[in-house]
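Chain by chain, the residues run as shown.
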Amino acid sequence: MDECGIGRAVLCAGGTMPLEQLSRFLVEGGHIESDADNDAVLRACAASNGRLIPSYFANPHRDPEHYRKAAADFRAVEISPAVHGVPLADPRTARLVEVAGEAGHSVYTVCLERPGSTVADLVALASRHPRVPFVLGHAGIGNIDLYAVERIAPLANVSLETSGGYTCVARAAVDRLGADRVLFGSEAPLQHPEVELAKLRCLRLGDDWQKIHGGNARRLLGLEEPE
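All figures in this text were calculated on a predicted structure; none of them were measured in a lab.

1. Brief notes about the environment of Ser186
Consideration 1: For Ser186, the location among the structural elements is in the loop between strand S7 (182-183) and helix H9 (193-201).
Consideration 2: Among the residues examined, Ser186 registers a relative accessible area of 18% and is labelled buried.
Consideration 3: Ser186 sits 104 residues away from Ala82 along the chain, and the two C-alpha atoms are 19 Å apart.
Consideration 4: The contacts of Ser186, once residues within four sequence positions are left out, are Ser163, Gln191, Pro193 and Glu196.

2. Overview of unusual backbone geometry
Glycine aside, negative phi is the norm for most residues, and most peptide bonds take the trans geometry.
Consideration 1: The step from Ala188 to Pro189 runs through a cis peptide bond, and the omega angle for that step is 5°.
Consideration 2: A positive phi angle, close to 60°, is found at Asn49, a residue other than glycine.
Consideration 3: Along the polypeptide, Asn49 turns up in the loop between helix H2 (38-46) and strand S2 (52-57).
Consideration 4: For Glu187, which is not glycine, the phi torsion reads 60° and is therefore positive.
Consideration 5: Within the element layout of this structure, Glu187 appears in the loop between S7 and H9.
Consideration 6: The class of Glu187 is partly exposed, set by a relative accessible area of 31%.

Thresholds applied
- Residues numbered from 1 in each chain as written.
- Predicted model: local features only at pLDDT ≥ 70, side-chain atom pairs only at ≥ 80, totals over all residues.
- Heavy atoms only, no water.
- Helix = DSSP H or I, 4+ residues; strand = E, 2+ residues; numbered from the N terminus.
- Buried < 20%, exposed > 50% of the residue type's maximum accessible area, 1.4 Å probe, protein only.
- Contact = heavy atoms within 4.5 Å.

No statement about biological role is implied by the geometric values presented.
Here it is in structure tokens:
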């Protein structure tokens, strides 16, 4: 973070399975039912002097009360069909979104080209929960998902996070959604933050840079502006 000039970052649990296994799941299907280590996230954030912001990794295989009891300690929530295998269209996901609404959390998710977890399914879910902010991770599905930008455009409560997508998708998102609905994401440690920063610098964003690089995230997370 120091090397890349990043002052604060959202932290969510990783390491739920070996990357080779996750890669196979993305192609062939499959899932785990175990919890991510949210307690480790809280410990890391507590030791970071405010630089790391905790996001809860929800498990739809668990009763949503598990998330509800922990929600006050976190600033956002991630729901992952790729990891836990529960579609966005599943009632279990909807129950977690309801808790997010109660907690004032934004919902980060990554869509899949799989029935029940497509961008269209995210749009349907977000339409049913218009007061909950959603963040479409990894700029949609694949590197060039301009269709995702088109699909989420009518929903003011859905933003796009830029990691992994091509520069043309980030440009289209800024132009179609507006800079207020685009968020920088690094996908660290799987991706080096400087790679994703370079992608955005190429867009010559001008005054929009501050919104995309941090302002929009601070607004969604309910964080104060840095001094």
